[in-house]
Amino acid sequence: MSTVLATRGVSKYFSGIMALDRVTLEVNAGERVGLIGPNGAGKTTLFNCILGVLPVEVGEVELNGEDITSLPVHHRARKGIGRTFQQIELFADSTVRDHLVIAYRANRPRWAVVHDLLTLGRPRPEEMEASDDVLELLGLQGLADEPVERLSLGQGRLLEVARTLMTNPDVVLLDEPSSGLDRRETAALAETLVEIQAERGFAVLLVEHDIELVSSFTTRSYLLDFGHLLTSGPTEEVMASPEMRAAYLGTAVVA
Amino acid sequence: MILAVSVVTDFFQAVLQGVPPGTVYALVAIGFVLTYKTSGVFNFAFGAQAFASMVLFHKAADEWGWGTVPAAILSVLIFAPLLGFLLEWAVFRHLRTAPPLSTLVVSLGLTVAIPSLVTILLDFSPKSGSSPHGVVPDGRTVRYDPFGVYPFSRDELVATIVAIVAVLGLAALFRFTPVGLMMKAVVESPRMTELNGISADRVSAGAWALSSFFAGLAGVLIAPRFTTFSANEYFNIMVIAIAAAAVGKLVSLPWAFGGGLGLGVVIALVSTFLPRWTDEFAWLKPVQENVLPSIPFVVLFGVIVFVPGLRKAIGSSDPLAGVDPPRQNVASVITSAGWMFLALKAVLLLGAVAVVYTQADRTWTLLVTQAVAMGIIFLSITIITGLAGQISLCQGAFAAIGAFAVYQLGEVRGMSVLVAVVIGGAIAAAVAAALSLTLRQLTGIWVAIATLAFAFFFDAVLVKQSWIGGDSLARSRIPRPVIGTIDFQDDSNFLLLAVIVLAVCALGVYLFSRGTTGRKLRALGGSEIAARSVGISPSRARVAAFALSGFLAAVGGGMLVIGQGSVNYGTSFVPFLALFWLIVVVTFGVRQPSGAIVAAAFFILFESVFLKGEIFGWILRGEDNIPSFFPLAPDWRYILFGLGTIQYARHPEGVLAMSAAKRRARSERRAADKVVVDSAAELGTPA
Amino acid sequence: MSAVLELDDVHAGYGPFRALFGVNLSVAPGEAVAVVGSNGVGKTTLARVASGLVRPTSGRVVVDGNDFTRARTFQFARAGVAHAPEGRSTFASLTVEENLELSIRRVRGNSGVRAGLDEAYEMFPALAERRQQLAGTLSGGQQRMLAMVRVLVDAPKLLVADELSLGLAPLIVEQVYEMLGRVRETGTALLVIEQHVSHALKLCDRVVLLDRGSVAWAGPASEAGEHVQSQLGVPAH
């Protein structure tokens with residue numbers, strides 16, 4: 001099995017305070033991996049380092065064996081990292097279709113001007129096709145021409161997934177997909193995620209507080225606290241580990 | 001040896017000479033930093049506030065016959081703080097959670113509105129030839145020479161001493177008093193200050209009053225430096241002061257003071273020592289002539305571009321910032337106007353042109369032609385601000401590039417003026433692209449300030465170059481084009497040509513915004529981080545937008561001067577005016593091309609139609625029926641549009657879109673099959 | 001005697017982002033109530049509503065018998081609700097002494113500042129050594145202490161403590177909770193928002209378990225164990 005995404009000894013300091021301490025993790029092709037830990041454990045920081053939102057001074061981030069540590073966000077995206085956001089980030093003033101079309105185009109930048117002149121700015125046939133496919137996959141068929149302001153939070157989150165799928169990612173980073181959703185919505189979201197992951201076969205790195213979602217969705221997990229990787233392994237084992245109890249209940253770890 | 005002594009003397013003299021203007025810059029910079037620190041507002045209106053106090057001071061001292069002291073007390077100690085209080089209470093308090101760009105636009109609006117408003121309300125009309133004076137008698141003529149190298153005028157001395165005392169006082173306030181402590185707390189986090197039981201609103205109102213007091217003080221003290229009562233001068237001084245403030249990353253009071261003082265001294269030093277080189281190096285002459293006026297703008301530009309920490313200087317320091325609701329993106333009110341609606345508008349527009357073409361007299365034809373050319377320039381604002389979400393304050397410079405290209409290529413070199421227009425557009429596009437490449441790491445107010453610095457650099461230096469600005473007499477002989485048998489010397493014909501160019505440009509803007517780059521820009525505007533994370537490069541899209549915007553502005557500028565037959569840089573393209581363009585376009589809607597076109601019509605025709613009351617002449621059939629209180633002062637347009645920006649902050653989509661949204665809301669209510677649910681409740685429902 | 005704080009069917013959120021759905025809660029004088037639940041269920045929002053940082057979209061907030069639903073944050077503070085916010089809770093750009101001064105002056109007036117400061121330093125001598133140091137340069141634990149000392153000098157009716165243990169080493173957490181115990185002894189009621197359940201359970205009389213913005217269970221701390229366990233998916237002990 002090949003490694004899609006890896007961090008090698010990534011450390012991160014904020015004005016002298018250590019947020020990440022030599023974190024090394026790997027995500028294999030098609031694998032669903034969880035990243036868990038209490039508030040302030042450094043999960044978001046690690047996410048931002050992988051995505052390039054924060055610069056990494058110590059350590060390396062690799063994608064498909066290539067060192068991407070110093071690439072800007074949009075280059076990483078084109079190379080195959082997709083993501084969703086905890087507080088959904090959609091493009092205002094746009095329809096669902098617009099979101100998918102621009103994500104598709106951003107990754108195929110050639111001859112944009114020529115195409116624009118030929119189509120007068122309308123989506124091209126292959127873009128319509130690709131976006132229809134993704135919308136169907138996510139059960140958003142009827143919403144293609146809706147402005148995003150009319151979507152529910154759950155639909156918005158699915159649209160983020162759809163948008164990232166248009167770039168054909170090798171690995172998708174899901175940032176707290178359940179936040180702001182209730183139990184029922186979370187369950188529905190999890191079901192959809194499982195389906196599309198099976199269909200498209202991308203790898204997933206999931207940051208999530210909802211233990212249930214992590215347990216049902218991931219096969220393997222990393223536990224992070226105070227910027228250290230405490231333990232890793234099959235999700236069930238991590239959940240039952242003494243480190244997990246310590247991290248979540250605040251008892252001192254007996255090493 | 002003698003040479004060395006004279007160099008030392010010169011040096012000393014230059015330093016002393018630089019101190020008085022330096023303290024003035026420092027004073028303005030400090031007031032400016034004070035507002036920025038305590039309210040987060042980048043207050044361009046600071047210069048306008050200073051101007052207002054200066055006007056009141058002169059009104060009281062000269063016309064009401066008050067003594068200097070009571071007049072100074074009224075204008076600086078009473079009026080200025082009240083004005084600051086009023087601004088905070090009526091305007092900026094409501095903009096706390098507004099995006100920084102709309103706050104910036106509002107402060108630009110106040111910049112143009114306040115001077116006119118004060119002048120009109122006070123009925124201030126200084127006698128021709130009179131010039132501002134200081135707070136002491138014979139301030140200009142009485143001189144003191146404490147060191148025997150440089151004689152300070154009494155005005156300079158007073159200004160310097162008062163400024164230093166004021167700055168020390170401010171330092172003491174922050175260092176030793178409870179009020180200062182509260183202000184520091186509010187600066188860091190208004191929320192946390194409130195958790196301590198202190199009303200952040202009240203503290204922040206106090207801070208506005210205090211900074212406005214500094215504005216008033218600066219306004220009165222620096223008045224004798226100018227020969228006329230002009231708000232422009234105050235705006236210029238403020239741009240220099242921003243350079244001083246930028247040295248301290250806009251938040252450090254001591255650095256702002258040092259920056260101002262340093263700028264004054266550096267300018268004096270350069271002006272003292274530069275000529276020496278050029279005795280032998282004649283080729284340095286143009287450099288020498290232009291270095292001086294460009295220093296502040298080069299410093300400002302340089303600081304913004306090269307100091308990386310600057311951008312993070314403020315914001316994100318409040319640990320409780322998450323309490324505010326996420327910034328509202330401009331609600332989608334217009335998804336597509338629909339072809340029917342567009343066609344209707346086109347028919348109306350063509351109808352209006354037809355009426356003007358066949359019926360209007362020469363004056364009106366020329367006015368409408370100007371409006372059409374202005375429309376092209378304004379489309380450049382639609383692109384850069386409406387689509388790319390950047391505030392550019394150098395559109396005037398781009399338009400001027402087009403105008404000067406027409407003059408240099410068409411008039412001086414005898415090229416066809418229409419070809420010259422296109423070449424001018426290309427040059428401006430290249431300049432704009434280069435500018436935005438330099439600024440590609442920046443967003444928000446930093447782009448606005450950097451472009452402002454460029455605009456002033458262009459204004460102070462480039463326009464005066466003979467290969468750009470040329471000879472002002474010759475600039476009034478721009479020929480009209482001839483295509484085949486059609487001679488555009490005929491004003492009506494030229495109007496038609498201008499309308500065609502406008503139509504082509506508007507179509508281009510429309511296609512650009514629907515095309516790939518337009519989509520990318522809209523995505524970036526909606527959420528920059530999300531756009532980048534699907535692979536969109538922000539800088540590339542923005543460079544494209546800047547280039548197109550520069551091109552349009554230059555084409556518009558070119559058409560404008562061909563229509564007028566001359567390049568009137570001073571009345572058409574100066575930075576202050578370009579700032580007003582932005583405000584007008586923003587008021588009418590910066591997101592659709594139609595907003596730009598309507599804005600241009602208003603901008604040009606407003607004075608004739610409304611201020612001179614001709615519209616009543618038409619309605620009441622006969623010029624004699626125009627009510628007697630017309631004509632109104634032309635300044636009213638500054639006041640109306642300037643204050644209009646306040647409504648922009650609440651409805652960023654502009655007047656046109658606002659009414660369109662209302663129309664849509666009405667029709668939706670009628671349709672009634674789709675119940676408009678409370679968006680909150682809607683968000684809660686499952687997918 | 002009426003409750004110090006009463007939330008009545010409170011809904012709240014940030015713009016379109018909803019966090020609380022009809023929460024009912026009351027804190028009696030001197031009582032200590034723990035709010036627990038996994039991350040992202042609205043605990044912090046609840047704390048912010050309790051101290052006026054976030055205004056509810058519907059429902060009522062009553063402080064000491066008075067309706068504070070539309071009141072400003074500083075009015076909450078004046079009515080005796082202190083809030084130690086999540087994460088950094090001191091003014092980093094002010095010195096330790098200035099941080100203390102800011103709240104002491106409001107409570108005791110100009111003349112009481114000196115005495116208040118002395119009291120504070122007596123309570124926590126480590127701060128006295130660092131009085132001229134910028135609060136931002138203190139360690140996380142010291143910053144929490146500073147926030148607590150400020151509260152102690154204040155003697156509020158209610159302290160809302162939001163995730164005080166966040167990001168602190170276990171040993172420091174112990175100290176912070178010891179401090180909270182002292183706050184309680186002075187008669188101040190507590191609303192403790194906590195992720196580390198065990199500490200909160202030890203300290204508090206009553207537990208409110210939040211799940212996705214609503215109260216899932218509320219009752220005495222002694223009975224909380226199994227509910228907490230099923231909710232968080234981990235054994236409480």
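Residues numbered from 1 in each chain as written. Chains lettered and ligands numbered in written order. Predicted model: local features only at pLDDT ≥ 70, side-chain atom pairs only at ≥ 80, totals over all residues. Heavy atoms only, no water.

A. Highlighting the overall build of chain C. Helix and strand content of chain C: nine helices and ten strands. For 237 residues, the compact-globule estimate of 2.2 N^0.38 gives 18 Å, and chain C sits close to it at 17 Å. Overall size of chain C, expressed as C-alpha extent along the three principal axes, is 45 × 40 × 35 Å. Among the 237 residues that make up chain C, the fraction classed as buried is 60%. Counted over contacts in chain C with a minimum sequence separation of 6, partners at least 24 positions apart contribute 64%. Total accessible area on chain C stands at roughly 8600 Å², and carbon and sulfur atoms take up 49% of it. One finds the centroid of the 23 positive side-chain charges in chain C at a distance of 7 Å from the centroid of its 25 negative side-chain charges. (Helix = DSSP H or I, 4+ residues; strand = E, 2+ residues; numbered from the N terminus. Rg over C-alpha atoms; globule rule 2.2 N^0.38 Å. Buried < 20%, exposed > 50% of the residue type's maximum accessible area, 1.4 Å probe, protein only. Contact = heavy atoms within 4.5 Å. Areas by Shrake-Rupley, 256 points an atom, 1.4 Å probe, with all protein chains shown as cover. Lys, Arg positive; Asp, Glu negative; His and termini not counted. Charge placed at Lys NZ, Arg CZ, Asp CG, Glu CD.)

B. Structural view of the overall build of chain A. Counting its secondary structure elements, chain A contains ten helices and ten strands. Here the C-alpha radius of gyration of chain A, 19 Å, is about what a compact globule of 255 residues would show, namely 18 Å. Looking at chain A residue by residue over its 255 residues, the buried ones come to 60%. The long-range share in chain A, meaning contacts at least 24 apart out of those at least 6 apart in sequence, stands at 68%. Carbon and sulfur atoms make up 52% of the accessible area of chain A, which amounts to about 10200 Å² in all.

C. Seen up close, the sheet that holds strand β6 (residues 81-84) of chain C. Residues and elements named next belong to chain C. Reading across the sheet, the six strands line up as β6-β7-β8-β3-β9-β10 and stay open at both edges, with mixed pairing between neighbours. Sheet topology places β6 and β10 (214-220) at the edges, where each strand pairs with a single neighbour. Neighbour to neighbour, the strand axes of the sheet diverge by 15° on average, direction disregarded. Of the strand pairs in this sheet, strand β9 (residues 206-211) and β10 are connected by six bridges, and their pairing is antiparallel. For Asp211, the partnering residue across the bridge sits in β10 and is Ser214. The strands that helix α7 (residues 170-185) touches are β3 (32-36), β7 (158-162) and β8 (189-194); relative to β8, the one it contacts most, it runs at about 155°. (Pairing = 2+ DSSP bridges. Axes fitted to C-alpha atoms, helices over the stretch in contact; angles between N-to-C directions.)

D. Structural context of the pattern of salt bridges. Under the counting rule described, the total for this entry stands at 30 salt bridges over all chains. Here Asp201 of chain B makes a salt bridge to Arg93 of chain B, at a shortest N to O gap of 4.0 Å. With Asp201 of chain B in helix α8 (residues 200-222) and Arg93 of chain B in the loop between α3 (68-90) and α4 (100-121), this pair connects stretches of sequence that are 108 residues apart. Here Glu97 of chain C and Arg131 of chain C are joined by a salt bridge, their closest N and O atoms 3.7 Å apart. Of this pair, Glu97 of chain C sits in helix α3 (residues 96-108) while Arg131 of chain C sits in the loop between α5 (125-129) and α6 (140-154), and the two are 34 residues apart along the sequence. You can call Arg131 of chain C partly exposed: its relative accessible area is 27%. Residues joined by salt bridges that share partners form a network here, namely Glu88, Arg93, Glu194 and Asp201 of chain B together with Arg72 of chain C. (Salt bridge = Lys/Arg side-chain N within 4 Å of Asp/Glu carboxyl O.)

E. A look at a negative patch on the surface. Residues and elements named next belong to chain A. Taken together, the side chains of Glu126, Glu129, Asp133 and Glu136 define an acidic patch exposed on the protein surface. Positionally, Glu126 belongs in helix α5 (residues 125-138). A relative accessible area of 37% means that Glu126 is categorised as partly exposed. (Patch = residues over 30% accessible without salt bridge, like charges linked within 9 Å, V, L, I, M, F, W, Y side chains within 5 Å.)

F. Region of interest: the interface of chain A and chain B. The interface is formed by 41 residues belonging to chain A together with 36 residues belonging to chain B. Here chain A meets chain B over a buried area of about 3300 Å², counting both sides, of which 56% is carbon and sulfur. Summed over the three residues of chain A that lose the most area to chain B, namely Phe91, Asp93 and Arg150 of chain A, the buried surface amounts to 18% of that side. Between chain A and chain B we count one salt bridge in total. One salt bridge in this structure joins Arg519 of chain B and Asp98 of chain A, with 3.1 Å as the shortest N-O distance. Where chain A packs against chain B, one counts five residue pairs in polar contact (both at pLDDT 80 or more). Of all the secondary structure elements, the ones that give two or more residues to the side of chain A that touches chain B are α2 (73-79), β6 (81-83), α3 (96-106), α4 (112-119), α6 (153-165) and α7 (183-200) of chain A. For the side of chain A that touches chain B, the element with the highest residue contribution is α3 of chain A, accounting for six residues. (Buried area = accessible area lost by both parts, 1.4 Å probe. Polar contact = N/O pair within 3.5 Å; in protein donor to acceptor, adjacent residues only side chain to side chain.)

G. Seen up close, unusual backbone geometry. Residues and elements named next belong to chain A. Although it is not a glycine, Asn168 adopts a positive phi angle of roughly 55°. Within the chain, Phe226 stands out as a residue other than glycine whose phi angle is a positive 50°. Structurally, Phe226 is set in the loop between β9 (220-225) and β10 (228-234).

H. Fine view of the nonpolar core. The biggest cluster of nonpolar side chains holds 261 residues, and the ones touching the most others in it are Phe42, Phe44, Phe378, Phe573 and Trp581 of chain B. Looking at which domains feed residues into this core, each of domain 1 (2-315) and domain 2 (369-611 + 653-659) of chain B supplies at least three. Other than its neighbours up to four places away in sequence, Phe42 of chain B contacts Phe32, Tyr36, Leu104, Ser107, Ile242, Leu250, Ile445 and Ile449 of chain B. Ala161, Leu180, Leu209 and Trp217 of chain C belong to the second-largest nonpolar core, a separate cluster that totals 45 residues. (Core = buried A, V, L, I, M, F, W, Y, C linked by side-chain atoms within 4.5 Å. Domains from an automatic or database assignment.)

I. Quick peek at the sheet that holds β6 of chain A. All names here are of chain A. Strand order in the open sheet formed by six strands is β6-β7-β8-β3-β9-β10, with mixed pairing between adjacent strands. Of all strands in the sheet, those with a lone pairing partner are β6 and β10, marking the two edges. This sheet shows a mean twist of 20° between the axes of neighbouring strands, independent of strand direction. Pairing between β6 and strand β7 (residues 171-175): three bridges, direction parallel. Within the sheet, the bridge partner assigned to Arg83 lies in β7 and is Leu173. Most of the contacts of helix α1 (residues 43-51) go to β7, to which it runs at about 150°, and overall it touches β3 (32-36), β6, β7, β8 (203-207) and β9.

J. Layout of the side chain of Ser107 of chain B. All names here are of chain B. If you trace the backbone, Ser107 turns up in helix α4. Among the polar contacts listed, one links the side chain of Ser107 to the backbone oxygen of Leu104, at a separation of 3.1 Å. Those residues within four positions of Ser107 in sequence are excluded, and the remaining contacts are Phe42, Asn43, Phe44, Ala45 and Phe92.

K. Structural context of the packing of helix α4 (residues 113-123) of chain C against α6 of chain C. Residues and elements named next belong to chain C. For the pair α4 and α6, the least separation of the axes is 10 Å and the interaxial angle reads 130°. Comparing the axis directions of α4 and α6 gives the class oblique. In this structure, α4 crosses over α6, and the sense of that crossing is right-handed. Contact residues: α4 offers Gly116, Ala120 and Met123, while α6 offers Val149, Leu152 and Val153. Of the residues that constitute the contact of α4 with α6, the class distribution is five nonpolar, one polar and no charged. (Parallel < 35°, antiparallel > 145°, perpendicular 65-115°, else oblique. Left-handed = near helix turned anticlockwise from the far one by under 90°. Nonpolar A, V, L, I, M, F, W, Y, C, P; charged D, E, K, R; others polar.)

L. Seen up close, helix α2 (residues 46-63) of chain B. Residue and element names in this part refer to chain B. Taking 1.5 Å per residue as the helical rise, α2 with its 18 residues ought to reach 26 Å, and the 25 Å between its terminal C-alpha atoms agrees with that figure. Counted residue by residue, α2 has 16 buried out of 18 residues, so it is predominantly covered. After α2 finishes, the residue Gly65 shows a positive phi value of roughly 70°. (Expected span 1.5 Å × (residues − 1).)

M. Focus on a nonpolar patch on the surface. Residues and elements named next belong to chain B. Residues Val69, Ile73, Leu77, Ile78 and Leu82 make up a contiguous nonpolar surface patch of roughly 470 Å² in combined accessible area. Within the secondary structure, Ile78 sits in helix α3. Exposure remark for Ile78: the relative accessible area of 42% places this residue in the partly exposed category.

N. A look at the state of the cysteines. Summed over the entire model, instances satisfying the criterion amount to zero disulfides over all chains. Note on Cys394 of chain B: no disulfide assigned, nearest cysteine sulfur contributed by Cys505 of chain B at a separation of 18 Å. (Disulfide = S-S within 2.5 Å.)

O. Examining helix α17 (residues 491-514) of chain B more closely. Given a rise of 1.5 Å per residue, 24 residues ought to cover 34 Å, and the 34 Å separating the end C-alpha atoms of α17 of chain B matches this to within 8%. The residue sitting at the N-terminus of α17 of chain B and contributing the capping side-chain oxygen is Asp490 of chain B; that oxygen lies 3.1 Å from the backbone nitrogen of Ser492 of chain B.

P. Quick peek at the pairing of β8 of chain C. Residue and element names in this part refer to chain C. Here β8 lies mainly inside the structure; six of its six residues are buried. A two-sided burial pattern is seen for β8, the buried positions comprising Ala189, Leu191 and Ile193 on one face and Leu190, Val192 and Glu194 on the other. Bridge count between β3 and β8: five bridges; the pairing is parallel. The residue bridging Ala32 from the neighbouring strand is Leu190, located in β8.

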